[in-house]
Each structure stands twice: as structure tokens, then as C-alpha cells.
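Geometric and topological summary
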Amino acid sequence: MERLLYVATLLATGVLNMLIAIFLLKDSKHYREQKDYYRARILTIVWLFAFGIGYLVHAVFQWRFTWPTAASALTASYFHIGAVCFSWGYTPLLDPTYFTKKIVVRDSVLLAVGLIVYWTAALLRVYAPFYSLFSFLFFFIYAFIVAYTFYTTFNRVSYRRIRMGAGSISGFIQWMQICCDLIVLFGIGSVAITAAFHTEVIPFCLLLIAGFGMFAYIAYSIDKYGPVITKSASHPISHSTSHLRV
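Residues numbered from 1 in each chain as written. Predicted model: local features only at pLDDT ≥ 70, side-chain atom pairs only at ≥ 80, totals over all residues. Heavy atoms only, no water.

The next point concerns the nonpolar core. Counting residues in each nonpolar core, the largest one holds 62 residues, and the members touching the most others are Trp 47, Phe 51, Tyr 78, Phe 86, Tyr 90 and Phe 215. Mapped by element, the contributors of at least two residues to this core are helix 1 (2-26), helix 2 (35-61), helix 4 (68-89), helix 5 (91-94), helix 6 (101-124), helix 7 (129-164), helix 8 (170-196) and helix 9 (202-231). Broken down by element, the residue count for this core peaks at twelve residues, all from helix 4. (Core = buried A, V, L, I, M, F, W, Y, C linked by side-chain atoms within 4.5 Å. Buried < 20%, exposed > 50% of the residue type's maximum accessible area, 1.4 Å probe, protein only. Helix = DSSP H or I, 4+ residues; strand = E, 2+ residues; numbered from the N terminus.)

Another point: the packing of helix 2 against helix 4. Interhelical geometry of helix 2 versus helix 4 gives an angle of 175° and a closest axis separation of 8 Å. Between helix 2 and helix 4, the angle falls in the class roughly antiparallel. The residues of helix 4 that touch helix 2, namely those facing Asp 36, Arg 39, Ala 40, Leu 43, Val 46, Trp 47, Ala 50, Phe 51, Gly 54, Tyr 55, Val 57 and His 58, are Ala 71, Leu 74, Thr 75, Tyr 78, Phe 79, Ile 81, Gly 82, Cys 85, Phe 86, Trp 88 and Gly 89. (Axes fitted to C-alpha atoms, helices over the stretch in contact; angles between N-to-C directions. Parallel < 35°, antiparallel > 145°, perpendicular 65-115°, else oblique. Contact = heavy atoms within 4.5 Å.)

Here we come to the environment of Ile 45. Along the chain, the position of Ile 45 falls in helix 2. Assessed through its relative accessible area of 6%, Ile 45 is described here as buried. Along the primary structure Ile 45 and Leu 25 are separated by 20 residues, whereas in three dimensions their C-alpha atoms are 6.9 Å apart. Leaving out residues up to four positions away in the same chain, Ile 45 has contacts with Ala 21, Leu 24, Leu 25 and Ser 28.

Where helix 1 contacts helix 2, the axes come no closer than 8 Å and their chain directions differ by 160°. Taken together, the axes of helix 1 and helix 2 lie roughly antiparallel to each other. The two elements helix 1 and helix 2 cross, and the hand of that crossing is left-handed. Residue composition of the contact of helix 1 with helix 2, grouped by class: 20 nonpolar, six polar and one charged. (Left-handed = near helix turned anticlockwise from the far one by under 90°. Nonpolar A, V, L, I, M, F, W, Y, C, P; charged D, E, K, R; others polar.)

Here we come to the pattern of salt bridges. Considering all chains together, one arrives at four salt bridges under this definition. The partner of Arg 39 in a salt bridge is Asp 36, with the nearest N and O atoms 3.4 Å apart. Here Arg 39 pairs with Asp 36, and both are found in helix 2, just three residues apart, close to one helical turn. Each member of the pair, Arg 39 together with Asp 36, is buried. As a salt-bridge pair, Arg 106 and Asp 107 come within 2.8 Å of each other at their nearest N and O atoms. Looking at Asp 107, the relative accessible area reads 0%, which means it is buried. (Salt bridge = Lys/Arg side-chain N within 4 Å of Asp/Glu carboxyl O.)

It is worth spelling out unusual backbone geometry at this point. Backbone geometry at Gln 62 places phi at a positive 50°, although glycine is not the residue there. Mapping Gln 62 onto the fold places it in the loop between helix 2 and helix 3 (63-66). Overall, Gln 62 belongs to the buried group, its relative accessible area being 17%.

Mean pLDDT over the chain stands at 83; residues scoring 70 or higher make up 84%. When the elements of the chain are averaged for pLDDT, helix 10 (residues 236-241) gives the smallest value, 43, and helix 6 the largest, 96. Every residue in residues 233-246 is under pLDDT 50, and counting partners more than four places away or in other chains gives 34 contacts. (pLDDT = per-residue confidence, 0-100.)

Below is the structure:
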């Protein structure tokens, strides 16, 4: 019964995540001129598809029951892709100077190394919780760097807006805080729970359902912010934070 619930939850959330991605993709072409917002929107679509495909692979091969280290490696892989998308998409909304060739090269190299680490652990042993947990340390280090960079930038930008008494982006600041708190907590928490409950079904199913709710909220929020940024006579974030350095 648990196995059936596991597969059904994976299939449902995998398809739903990709439908959310298609929903965002549908109107994305209208925002190409707002390059920072457009990038964030496209990268949100990329990570939604990454999670959706990852869920479907879990459902088809069911490695959690036959090859637990591979299931853990797959989970770490799409979470790491999500972290890269967060780094490239959301931090530049606050500081447009952040997204540089240096950051792209750094994160691409770290992603490649991470994938090698995650899947090496899987290839060494079929069931080895310690190996998987050890490999996850690479993800946690990268996630900490990304989260620290984002929140440092966020605090500087929000503090500056308060000092200026500017209320034009107060909704944006609030949205960023809620969304990114959810993303960071879900990302780091989910990988930690996956490591702790290596072959358990129920905790993973609960994570899938919670993740879908979070992704739906993020997609709704970033979609609603599109018209706001389009109507602005000038890009409020770009002009107010172009001097910031992380």
C-alpha cells in the first residue's frame, strides 16, 4: 500500500510541477525586456521541470526500494539544479550586478562536481546511508553559500529601501522574503530528511505534497509580479541596487 501511495504521489506531483512550469512559460515572452525578471521566470521554469522529471524517474524506476543510494543521488541532483536556478534567478532581482560570467562558471563547475560526488556514492554501494549523507555535505555547503549570499543582499536592499522611505517595491520585498524563506527551508530541509530517512516512504510523500504547495505559491507570486514590473516606468530594483556588491 505504501509503495502504491509513493508511486501515485510521485506521478501526481511530477505532472503538476510540469504543468505549473508550462503555465509560467505561456506568458514569459512578454517579459523579455525585463531581463532580470525574465531570467528569474525562466529559471523557475527550469527547476520546476527538473523536479517534475526527477519525480517521474523516481516513480518509474523506484530506486528507493532497489537502489537507495541512486534514489538519494537523484534527489540531490535536482535539488542542486534548483539551487543553481535560485542563485542565478533570484539574487539578481535584488542586485543585477551579481549575475556575471564568474558566477556562471563557478556554479556550473560546482554543479558538475556535485553530480560526480552524488552519483559516485550511488555507484559504489547499493545501500549505504553514510555514503549518501557524506555526499550530501557538498550540497549543504553550496546551499549555504547561495543562501548566505542571497540574504546578505536582501538585507542590504530592504534596509536601503526603508531608509529611502520608498514604498514602491514594498510588496516585492515581502514577496521575496516569504518565497525565498520557503525555498531555502524546503531545499535544505528536504535533502536533510532524505538523508535521515533513506528508504522511508511516508516522509518522502509528505515532502512531495509540501513541495508542490510551495512551488505553486512561488509560481503564482512570480507571475503576479510580472505586470507590476512591466508597468514601472523604470526598473525599481535595477536602479536602486546597481551599486550593491555581494
